[in-house]
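# Inside the fold
Listed below, chain by chain, are the residues.
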Amino acid sequence: MNETAKDIVTRNSPEERKLIEACQTGDQTAFEQLYRNYSRDVFSLAYRLTGSSQDAEEITQEVFVSVYRNLGRFQFQSAFSTWLYRIVVRRAADAFRKIKKVWARRVPLETDEPGGPIAYLSDDRETPRDAMQESSREQQIERAIAELGEKHRAIIILRYIHDMSYEEIADILECRLGTVKSRLNRAHRLLHKALMDLGFNEKEE
Amino acid sequence: MWNWLRLNVFEPMGLAGDPNETVNACRLDAVRRTLEGEAEADEADFVRARIQSDPLWRQTARTLEAMLKTLRGLPLSAPSNLVWNRVGERIAPVGAGFSWTAWSDGWLLWPRAFRLAPAALAAFTLFCVWWAQPEVRPTYEIVEITDSHGFGAEAEAYIAYHDLSSESTPMREGLIAYYTYNWSE
């Protein structure tokens, strides 16, 4: 499994704190290190939330500029990763709304095409017909995640790919713990159904 | 007990609104909770027993296990180097001093704005009260001009409501004389 930023924070919390404090004094070398530690997490989260690498790069850029400008206000009252991910989710939600507006102009609202805007407007995805033929389990999971709604997708990604606890997810999405748990249950059912539709095979290939 | 009732009495129950749905929502939730160690002891025992005895439950458990394993193993990708270059360009001139915050970063400033709102409201109210006082309204050069030219009440009334301070002296006197004469008519 990949080493995520959360692992780095958990294992090296005092170093991480020092790094953030150095960034708060305007140390650009420290900020570059902070970028190196977190850019993969930020980009991957943004990519999976928006479904477009171009949007994800733009969000990553905006997030780190925003972090640089506002890091002085970070008081260590929550984990840095939680604070950071909250910014990413907000930015991705803005981008997602823009994509939906474009999508709404391009097709009638009553369309029942699976996947919605994400599956078609993203620059690096294939058509659903091609997706049905994808055999790799990872690809099938990615496809099934992309077919989830915005809120369910965010919960699945934060919980399993970024290994966040329920409490951290509630903090990031700014909702109650009970809401997180009920949404996660619903997201699992939808993900399971989407995977069955894609012919997900539980046996190793 | 509730979980036992839910799993036995209400089963099979598919996704809402679709009784023919093959996915059993309760079974899926129970198996997932058990696999992730979130289920209570009695529920976990019940689920394990069902997995042993029921092929449908076994299949659900296998699928979920594979799904969770794949999910947790999905790779993280790095952004292109261009992203850091662009970030570097944008933060370079800022330094540690004051910088304008983009409007889209405004949500971070909202708590401060809310704290300042009562002070801003109080300042605005004080300004309105001050402005409502008649003696603070501009009266321009009433005394000086009326005294020196003797135009009387008409000139005073005209000058009180017209700012002639930017006019040259001949123009100002001409305007006063013209309007005073016309009003007198």
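Everything discussed here concerns the structure shown above.
In what follows, the accompanying structure is described. (Residues numbered from 1 in each chain as written. Chains lettered and ligands numbered in written order. Predicted model: local features only at pLDDT ≥ 70, side-chain atom pairs only at ≥ 80, totals over all residues. Heavy atoms only, no water.)

So, about the packing of helix α9 (residues 150–161) of chain A against helix α10 (residues 166–173) of chain A. Residues and elements named next belong to chain A. At their nearest, the axes of α9 and α10 sit 10 Å apart, and the two run at 135° to each other. For the element pair α9 / α10, the angle class is oblique. The element α9 and its partner α10 pack so that their crossing is right-handed. Facing Ala154, Ile155, Leu158 and Arg159 of α9, the residues of α10 in contact are Tyr166, Ile169, Ile172 and Leu173. Broken down by class, the residue content of the contact of α9 with α10 amounts to seven nonpolar, no polar and one charged. (Axes fitted to C-alpha atoms, helices over the stretch in contact; angles between N-to-C directions. Helix = DSSP H or I, 4+ residues; strand = E, 2+ residues; numbered from the N terminus. Parallel < 35°, antiparallel > 145°, perpendicular 65-115°, else oblique. Left-handed = near helix turned anticlockwise from the far one by under 90°. Contact = heavy atoms within 4.5 Å. Nonpolar A, V, L, I, M, F, W, Y, C, P; charged D, E, K, R; others polar.)

Here we take up the pattern of salt bridges. Using the criterion set out here, one finds 16 salt bridges over all chains in the structure. The residue Arg189 of chain A makes a salt bridge to Asp29 of chain B at a minimum N-O spacing of 2.5 Å. Taken together, the residues Arg189 of chain A in helix α11 (residues 177–197) and Asp29 of chain B in helix α2 (residues 25–35) connect one chain to another. We note a salt bridge from Arg72 of chain B to Glu36 of chain B, for which the minimum N-O separation is 3.0 Å. Of this pair, Arg72 of chain B sits in helix α4 (residues 55–72) while Glu36 of chain B sits in the loop between α2 and α3 (41–53), and the two are 36 residues apart along the sequence. Here the salt bridges do not stand alone but share partners, grouping Arg159 of chain A together with Arg32, Glu36, Glu38 and Arg72 of chain B into one network. (Salt bridge = Lys/Arg side-chain N within 4 Å of Asp/Glu carboxyl O.)

All right, on to the interface of chain A and chain B then. On the chain B side, the residues contacting the 52 residues of chain A number 48 residues. Regarding the contact of chain A and chain B, the summed buried area is about 4900 Å², with carbon and sulfur atoms giving 59% of it. Taken together, chain A and chain B are joined by three salt bridges. Between Glu62 of chain A and Arg90 of chain B there is a salt bridge, with its nearest N and O atoms 2.7 Å apart. Here chain A and chain B share 13 residue pairs in polar contact (both at pLDDT 80 or more) between them. Counting residues per element, the ones that place at least two in the side of chain A that touches chain B are α3 (28–50), α4 (53–70), α5 (80–106), α8 (137–146), α9 and α11 of chain A. Residue composition of the side of chain A that touches chain B, grouped by class: 19 nonpolar, 14 polar and 19 charged. (Buried area = accessible area lost by both parts, 1.4 Å probe. Polar contact = N/O pair within 3.5 Å; in protein donor to acceptor, adjacent residues only side chain to side chain.)

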